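The primary structure of each chain is shown beneath.
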Amino acid sequence: MMDFALYLFSCVYTMISVLVAVAFFIVLERKGLGVFQLRHGPNKVGVKGLVQAVADGVKLFSKSLVTPSKANFVLFLVGPLLLFSISFCIWAIYPNNHPMVYFNFSVLFFLSVSASNVFGLILIGWSSNSVYAMLGAMRAVAQTISYEVCMTTLLLCPLLFFYSYEFQYFWEGSFTSLLFCSEVFLLWFISIIAETNRAPFDFVEGESELVAGYHVEMGGGYFALIALGEYGSIVAMSVFTSVLFLSPMLFLPMVISFSMFFVLVRAAVPRYRYDVLMDFCWKMMLPVSLGLFCIMVLFMEF
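Each value, and the rule that gives it
- Residues numbered from 1 in each chain as written.
- Predicted model: local features only at pLDDT ≥ 70, side-chain atom pairs only at ≥ 80, totals over all residues.
- Heavy atoms only, no water.
- 1 Å grid on protein atoms, 1.4 Å probe; cavity = no way out; pocket = protein on both sides within 12 Å on 5 of 7 lines; lining within 4 Å.
- Points joined across faces, edges and corners; volume = space filled by probe spheres on them.
- Helix = DSSP H or I, 4+ residues; strand = E, 2+ residues; numbered from the N terminus.
- Nonpolar A, V, L, I, M, F, W, Y, C, P; charged D, E, K, R; others polar.
- Axes fitted to C-alpha atoms, helices over the stretch in contact; angles between N-to-C directions.
- Parallel < 35°, antiparallel > 145°, perpendicular 65-115°, else oblique.
- Contact = heavy atoms within 4.5 Å.
- Salt bridge = Lys/Arg side-chain N within 4 Å of Asp/Glu carboxyl O.
- Buried < 20%, exposed > 50% of the residue type's maximum accessible area, 1.4 Å probe, protein only.
- Core = buried A, V, L, I, M, F, W, Y, C linked by side-chain atoms within 4.5 Å.
- pLDDT = per-residue confidence, 0-100.

Let's talk about empty space enclosed by the protein
- Per the stated rule, a full pass over the model turns up one cavity of 30 Å³ or more.
- Estimated volume of the largest cavity: approximately 210 Å³.
- Taken together, 18 residues make up the lining of the largest cavity; nearest its centre are Ser87, Asn117, Glu195, Gly229 and Ser233.
- Elements represented by at least two residues in the lining of the largest cavity include exactly helix H3 (73-89), helix H4 (106-127) and helix H9 (221-245).
- In terms of residue count, H9 provides more of the lining of the largest cavity than any other element does, six residues in total.
- Per-class residue counts for the lining of the largest cavity are nine nonpolar, seven polar and two charged.

Structure (structure tokens):
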């Protein structure tokens, strides 16, 4: 009974903490973009705009939910919920003293959940019955599948140092993998930026050509769920990057640093062309990642 109560408390505490962290990370990004681009961020609600997250949440969830007349109502409703749920499922396996779920193949679960994120995107785009939304969703499918291949290949490199598919084993010796996988670390970070559809790889939400991309028809609570799912994926990828490549002593500072690096890249780097994005993946990143994996295999063998 005590173990079940501890497990339940761990689940509830983790979900509440993640939701609060994601909500305030959105405000932190807006403030950071304001600093990087020499303009004001949120500064009216609360002290220096710190309560902006609460105000945005109340505003979005209090709006009436408008569904386009030609949209598939059921799938239009399920899409944002699915995207939000898949994004937060990954938090079930992050390493800690009282994990929500413990099994020997959490790395495979991580890859499965991150790959399943595309189903929410395509469902939102298709159910909206909008050309702009569908084009954004089709871009999401191509981009996510392409960089998922590179990300999986790169993830296998640090796995060779631990001979395990369980993230809990990475917790104590991850700094060793960074010493020998610095090139892998750089390519991994590029992959997770593309995997989370962030600038300069945010072609799914290309405002200049697709208005707002796959969620152009979404508003109110629908849009809030999509935003929470997207930023939840950013924080989750920062957490697992720290687990894979860095020491537990540097865990929290590195998670914050990685999350802020997403913001810095968005503020400083312009969006590429879509064909350049796909060429970079299949013609440069994939051959290099396969070559690095072969080198790691030979290194661990000899």
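There is more to say, and it comes next.
What about the packing of H4 against helix H5 (residues 131-159)?
- Remark: H4 packs on H5, axes separated minimally by 8 Å, with the N-to-C direction vectors making an angle of 175°. What the angle tells us is that H4 and H5 run roughly antiparallel. Between H4 and H5, the residues in contact are Val107, Phe110, Leu111, Ser114, Ala115, Val118, Leu121, Ile122, Gly125 and Trp126 and Ala133, Met134, Ala137, Met138, Ala140, Val141, Thr144, Glu148, Met151, Thr152, Leu155 and Leu159, respectively.
- By residue class, the composition of the contact of H4 with H5 is 17 nonpolar, four polar and one charged.

Concerning the environment of Ile256
- Note that Ile256 resides in helix H10 (residues 251-268).
- Considering only alpha carbons, one finds Ile256 and Val235, 21 residues apart in sequence, at a separation of 8.5 Å.

Here we look at the pattern of salt bridges
- Following the criterion strictly, the structure yields seven salt bridges and no others.
- One salt bridge in this structure joins Glu230 and Arg198, with 3.6 Å as the shortest N-O distance. Note that Glu230 is positioned in helix H9 and Arg198 in the loop between helix H7 (182-195) and helix H8 (207-210), a separation of 32 residues in sequence.
- For Arg198, a relative accessible area of 3% puts it in the buried group.
- Note that Asp202 and Arg271 form a salt bridge whose closest N and O atoms lie 3.0 Å from each other. With Asp202 in the loop between H7 and H8 and Arg271 in the loop between H10 and helix H11 (274-301), the pair connects residues that are 69 residues apart, well separated along the chain.
- A single salt-bridge network, built from bridges that share partners, covers Glu29, Arg198, Glu230 and Arg266.

Re the nonpolar core
- With 64 residues, the main nonpolar core has Trp91, Phe110, Phe167, Phe170, Val184 and Trp188 as its most contacted residues.
- Counting only elements with at least two residues in this core, the list comes to helix H1 (2-36), H3, H4, H5, H7, H9, H10 and H11.
- Take this core: its biggest share by element is twelve residues, from H9.
- Core analysis: the next-biggest nonpolar cluster, separate from the first, contains twelve residues, Leu121, Ala140, Val204 and Met218 among them.

Observations regarding the confidence of the model for the protein
- When pLDDT is averaged along the protein, the result is 83, and 90% of the positions lie at 70 or above.
- When mean pLDDT is taken per element in the protein, helix H2 (residues 52-62) scores highest with 89 and helix H6 (residues 170-180) scores lowest with 60.

Examining the layout of surface pockets
- Quantified by volume, the largest pocket comes out at close to 830 Å³.
- Lining the largest pocket we find 32 residues, and of these Ile26, Leu60, Phe223, Ala227 and Tyr231 sit closest to its centre.
- Looking at the lining of the largest pocket, the elements with two or more residues in it are H1, H2 and H9.
- Grouping the amino acids of the lining of the largest pocket by side-chain chemistry returns 18 nonpolar, three polar and eleven charged.
- A volume near 460 Å³ is recorded for the second largest pocket.
- Around the second largest pocket, the lining comprises 18 residues; the ones closest to its centre are Ser17, Ala21, Val235, Leu252 and Val255.
- Where the lining of the second largest pocket is concerned, the elements lending two or more residues are H1, H9 and H10.
- Considering every element that reaches the lining of the second largest pocket, the biggest residue donor is H1, with eight residues.
- Grouping the amino acids of the lining of the second largest pocket by side-chain chemistry returns 15 nonpolar, three polar and no charged.

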